[in-house]
Amino acid sequence: MAFEKPFGTDVASAEALNKTVLELVPEERVHRTDHFLGRTTVLNIIGLRFANRLFEPIWNADNIEKVDVFYDETLGLENRAQYYDEAGALVDMIQSHLLQILALVTMDAPAAIDSVEFRSSLARVLRSTRLKGDDATIASRRAVYTAGTIDGKELPSYQQEDGVDPSRETETLAEIEVEVDTARWAGVPFTLRSGKALGASRKEVLITFKPVTRLPSGLTGRPKADTLRIVLNPDEIELSVSANGGGNPFEMGQVTLSSSFDDGELTPYGEVLNGIFHDDPLLSIRGDVAERCWEIVEPVVSAWKSGAVPLEEYRAGSRGPAEWVSSS
């Protein structure tokens, strides 16, 4: 039995749907598909983390300052009002997809890459994930685009698009900050953001490492933060590290090592469909995980519906609301 996410519309509906489905077929025969888990770079996070000694020993709060998961699009509504105006950016992207990417980045090593161990590791780390300060009003932001221009194309304001109900105050840009309450990640902020009609596409996981505790005297300049960028579209990886050399051999600079990935044998949808056809739930979302993702975002949904978090505006083709840009 296969389903396209989002699975349910809130915690209660996800629980009820799971109960009904499991009366018909066992959990291992249920495929709650998430095509993001079939992306080449997303799958490569597994090997990047667990198959080398370069990253896994430093993949923790002692060495990592923050983690950002962004999925910013230049596309506008694109005639999807019937679905999107009910869902918005929070449900369409963060609840449905970005929390799964977060889980891959933060989970502990599974004993094996199989449907039992792998999905159990994802479930464990998501059970430890919560909104910053357990407060949706400080851990979330939302905004909607107004009329603007992208690549020479005029876009109307979202609330004037065909099929949109302005009274819903549906957001087209959503951001939440979460914490992962484990020894590995204590104190590290995780930001998940996704939006439409932005001036530049930014689809990546950005790992920012902490600076060295002391820079030896004699070296000049201020080193930039070392970062690892896992680009989701196109499929690339970039490691930027501090180094010295060049014109002044004692002045700090930045060196970037990058690699791009060839397309996989199957498309992302092909990967998840392959699992369905071969009855392998490895890349499907387990029932308790589907419910947990709703539990994480539901306080945000409630706070937004009550008006506790204002709906800001940004011009289509811009980088977002001015305050967001200045703080990013």
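In what follows, the accompanying structure is described. Note that this is a predicted model, so its numbers are computed, not measured.

### As for the nonpolar core
Leu98, Leu104, Ile207 and Leu228 are the most contacted members of the largest nonpolar core, which totals 84 residues. The greatest single-element share of this core, amounting to 15 residues, is contributed by helix α3 (residues 81-106). In contact with Leu228, other than residues within four places in its own chain, are Leu48, Phe55, Trp59, Val205, Leu206, Ile207, Phe209, Ile237, Glu238 and Leu239.

### A word on the pattern of salt bridges
Inspection of the entire model under this criterion finds 23 salt bridges. Arg130 is the partner of Glu179 in a salt bridge, and the nearest nitrogen-oxygen pair spans 3.4 Å. One end of the pair, Glu179, is in strand β8 (residues 173-180); the other, Arg130, is in strand β4 (residues 129-131), and 49 residues separate them in sequence. Residue Arg130 is classed as partly exposed on the basis of its relative accessible area of 30%. Salt-bridge contacts for Glu238 lead to Arg229; the nearest nitrogen and oxygen are separated by 2.7 Å. Its relative accessible area of 21% is what places Glu238 among the partly exposed residues. When salt bridges that share partners are traced, they join Arg49, Glu56, Asp108 and Arg184 into one network.

### Focus on helix α6 (residues 268-277)
Every buried residue belonging to α6 is among Gly270, Val272 and Gly275, and all of these are buried. Residues of α6 that are buried make contact with β2 (31-33). Trailing α6 by a residue or two, Asp279 shows a phi angle of about 55 degrees, which is positive.

Cut-off values and rules
- Residues numbered from 1 in each chain as written.
- Predicted model: local features only at pLDDT ≥ 70, side-chain atom pairs only at ≥ 80, totals over all residues.
- Heavy atoms only, no water.
- Core = buried A, V, L, I, M, F, W, Y, C linked by side-chain atoms within 4.5 Å.
- Buried < 20%, exposed > 50% of the residue type's maximum accessible area, 1.4 Å probe, protein only.
- Helix = DSSP H or I, 4+ residues; strand = E, 2+ residues; numbered from the N terminus.
- Contact = heavy atoms within 4.5 Å.
- Salt bridge = Lys/Arg side-chain N within 4 Å of Asp/Glu carboxyl O.

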